[in-house]
Amino acid sequence: MTSSREVKPVRIPKLSSSVHDINAEKPPFGSRFLTQDSDVWTQNAWDHVPPPEDQTETITASLARQRLAPVPDDDKKNYNAKPAKYWDNFYKTNADNFFRNRKWLHLEFPELLAAAEPDAGDITICEIGCGAGNAAFPLLTANQNPNLIIRAYDYSTHAVKLVQTNALYSSPPVGKIEAAVWDLSLLDTLPPGVEPGTVDIVVLVFVLSALHPDEWGKAVANIHKMLKPGGLVLFRDYGRHDLTQLRFKSGRLLEDNFYIRGDKTRVYFFELDELALIFTGSRASPAQKTSTMTEIVDEDEDNEPTSLPARSQTASPASHMPADTPNLGSDDTLSLPSSGPSSDAHHNLLRPLSHCPPHPLFTIEQLGVDRRLLVNRKRQLKMYRIWMQGKFRKAE
C-alpha cells in the first residue's frame, strides 16, 4: 500500500562557498534553475532567482515609513552611550542558547581549517565579538594544530563569562584558547595579551554592524594594529535592504541604514562600496564586486529554515535571525548594481575616517554579496535576505 505522505527529496550538503573569489577564473557551479514562477513552492532550493520586479517599490515604501518616525534624539544618546550594556542584557537573557555554533564559517573561510591542520605552525586567530563562543569552540573542536592560539573578545562581560565557563575553555583538546572583555571601538587600545603585529587572522562576523559609524575608524585602526603584515580579516555582515532592515517598524531608525532592535542592540546594513572604503579607503572596482544570486530555502512556522544541510546553523527571532545563518546562496556569481534606493556610502566614508591611519591599510581578496530567498511553503511567503562577505589582507 502506498503511503499518502509526501516523500521529501534527499538533501545534498553544500560543499563550496557561495561567494566567488575575485582571483578565481570561474565561480563554482549551481544547477537548480527556476524556469516557471509557479514552480517556486515545489522545491526547497533554487539557484539564480532574481528579486521581484516590485522590490524597489517595497524598499522605497519601507524606508519612507521608517523615516516618518525615527528614534527620538534623547533616546539615541542613551542607546549610543553604553551599547555593551544591552548586549550584556541579551546574553543574560539568552545565555548560549540563541546563536548556534557557526560551523558554516569553515566552509566560507577555509583559512580557518587550514590554520587548524597539524603542521600549520604557530598561528594566532583573534575573534572579535565572540559572543558565547559559537565560532571559537567549533574551530577549537576541529583543531589539530598544537601551536594554534584562539583569542576571543567581546565587549559584553556576560558573553565572555559564557566562554570562560565552557568545558572546552578549561580543557581544550588541542591548542589554546583565551577570552577577555574588550571593546573594539576603544581608541588605540589592543585587547589583553595582544601585542601589535602578532595576529594572523581576525574573524569579524556580524560585529561591525553593531558599531556606530563614528566608531568605524577606531575599529579598523585596532584591527590593523594587531595584525601581522599580510594578516587577514575574515568578514561577514548584514547587507543593504536585507529583509530585517525592511521589517523594522516605527521608532527604530537611529539614522539612515542604522537601527535599534527591540532588545536595544544596534545594527547597520552595509553596501559593498562602504566596506571597500572602510578597509581600503577607495570604492571597489567592478572587478572586485561579486554577487551570488538567490537560492530558495524552505522555512517552517517558527521562521527556522528546514532544508539546511546538516552543518548549517540558524538563529531566530527575525530581529537577529539569521545573523548566524550560513551562506547557502547559489554557487554562481556575477556583478550586480546596488541593492536599490539610498545606496550611497555613509557620509563618514566620504572623507578620511576619524582616528584611522592613512589608507590603503588593506587589499581586497574577496568582496561579495550573498542574496537568498527564504520560502515558507506553508504560508506561501517569500523573504529576501542579503549579506556582505569579504576578505581583507593587511598591506605588507
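Engineer: Looking at this structure, how should I read the pairing of strand β4 (residues 199–205)?
Structural biologist: Within a regular beta strand, the side chains point alternately toward one face of the sheet and then the other, so they alternate between its two faces. For β4, a buried count of 7 out of 7 residues is recorded, marking the element as mostly surrounded by other parts of the structure. For strand β1 (residues 123–128) and β4, the ladder comprises 3 bridges, and the chain directions are parallel. Its bridge partner being in β4, Cys-126 is matched across the sheet by Val-202. Bridge analysis of β4 against strand β5 (residues 227–238) gives 6 bridges, and the strand direction is parallel. Looking across to β5, one finds that Val-203 is bridged to Leu-234.

Engineer: Sorry if this is basic, but what is going on with the side chain of Glu-108 here?
Structural biologist: Note that Glu-108 resides in helix α4 (residues 105–108). Although Glu-108 lies buried, it forms no salt bridge, and the closest oppositely charged side chain, Arg-236, sits 5.0 Å away as judged by the N-O distance.

Engineer: I tried to follow the environment of Leu-140 on my own but got confused; where do I start?
Structural biologist: Along the chain, Leu-140 falls in helix α6 (residues 136–142). Owing to a relative accessible area of 1%, Leu-140 belongs among the buried residues under this scheme. Expressed as a C-alpha distance, the spacing of Leu-140 and Ile-177, which sit 37 residues apart in the sequence, is 7.8 Å. Residues contacting Leu-140, with those up to four places away along its chain left out, are Ile-150, Leu-168, Pro-172, Pro-173, Val-174 and Ile-177.

Engineer: What exactly am I supposed to notice about the environment of Glu-255 here?
Structural biologist: The topology assignment puts Glu-255 in strand β6 (residues 253–255). Judged by relative accessible area, Glu-255 falls into the partly exposed class, the value being 25%. Between the C-alpha atoms of Glu-255 and Pro-70, which are 185 residues apart in sequence, the distance is 7.7 Å. With near-sequence residues (within four places) excluded, Glu-255 lies in contact with His-212, Pro-213, His-346 and His-347.

Engineer: Would you take a moment to explain unusual backbone geometry for this structure?
Structural biologist: Of the consecutive residues His-359 and Pro-360, the connecting peptide bond is found in the cis state with omega at 5°. The phi torsion at Asp-188 lies on the positive side, around 50°, for a residue other than glycine. Looking at the secondary structure, you find Asp-188 in the loop between β3 (176–181) and β4.

Engineer: Can you walk me through the environment of Ile-278 in this structure?
Structural biologist: By the secondary structure assignment, Ile-278 is in helix α11 (residues 272–280). Residues Ile-278 and Leu-361, 83 residues apart in the sequence, show an inter-C-alpha distance of 9.4 Å. Contact partners of Ile-278, with chain neighbours within four places excluded, come to Leu-208, Trp-216, Val-220, Phe-270, Leu-349, Leu-353 and His-359.

Engineer: How should the pattern of salt bridges be read in this particular structure?
Structural biologist: Think of it this way: side chains of opposite charge can pair up when their charged atoms draw near. If you walk through the whole model with that rule in mind, you get 13 salt bridges. Arg-236 is the salt-bridge partner of Asp-370, the closest N and O atoms lying 3.1 Å from each other. Highlighted residues: Asp-370 in strand β11 (residues 362–376) and Arg-236 in strand β5, separated in sequence by 134 residues. The buried category is assigned to Asp-370, whose relative accessible area is 0%. Members of the salt-bridge network, linked through shared partners, are Arg-151, Lys-176 and Glu-178.

Engineer: Would you mind showing me how to read helix α1 (residues 55–67) here?
Structural biologist: Look at α1: 18 Å from first C-alpha to last across 13 residues, which is about the 18 Å you get at 1.5 Å a residue. Turning to α1, its buried residues are Gln-55, Ile-59, Ser-62, Leu-63 and Gln-66. Each buried residue of α1 sits inside an arc of 95° when the element is viewed along its axis, so together they form one side. In the core, the buried residues of α1 are packed alongside α10 (243–247), β6, β7 (258–260) and β12 (381–394).

Engineer: Sorry, what's going on with the packing of aromatic side chains here?
Structural biologist: Each aromatic ring pair is summarised here by two numbers: the centre-to-centre distance and the angle between the ring planes. Inspection of every chain in the model, using the stated rule, returns 16 aromatic pairs. Arranged with centres 4.6 Å apart and planes meeting at 5°, the rings of Phe-248 and Tyr-259 form a pair that is stacked. On the criterion of sequence distance, the pair formed by Phe-248 in the loop between α10 and β6 and Tyr-259 in strand β7 is long-range, its members being 11 residues apart. Among the residues examined, Tyr-259 registers a relative accessible area of 1% and is labelled buried. Here the aromatic cluster, defined as three or more aromatic residues joined through ring pairs, consists of Trp-216, Phe-235, Phe-258, Tyr-268, Phe-270, Phe-279, Phe-362 and Phe-392.

Analysis parameters
Residues numbered from 1 in each chain as written. Predicted model: local features only at pLDDT ≥ 70, side-chain atom pairs only at ≥ 80, totals over all residues. Heavy atoms only, no water. Buried < 20%, exposed > 50% of the residue type's maximum accessible area, 1.4 Å probe, protein only. Helix = DSSP H or I, 4+ residues; strand = E, 2+ residues; numbered from the N terminus. Pairing = 2+ DSSP bridges. Lys, Arg positive; Asp, Glu negative; His and termini not counted. Salt bridge = Lys/Arg side-chain N within 4 Å of Asp/Glu carboxyl O. Contact = heavy atoms within 4.5 Å. Expected span 1.5 Å × (residues − 1). Arc of directions from axis to C-beta. Phe/Tyr/Trp six-rings, centres within 6.5 Å; stacked < 30°, edge-to-face > 60°.

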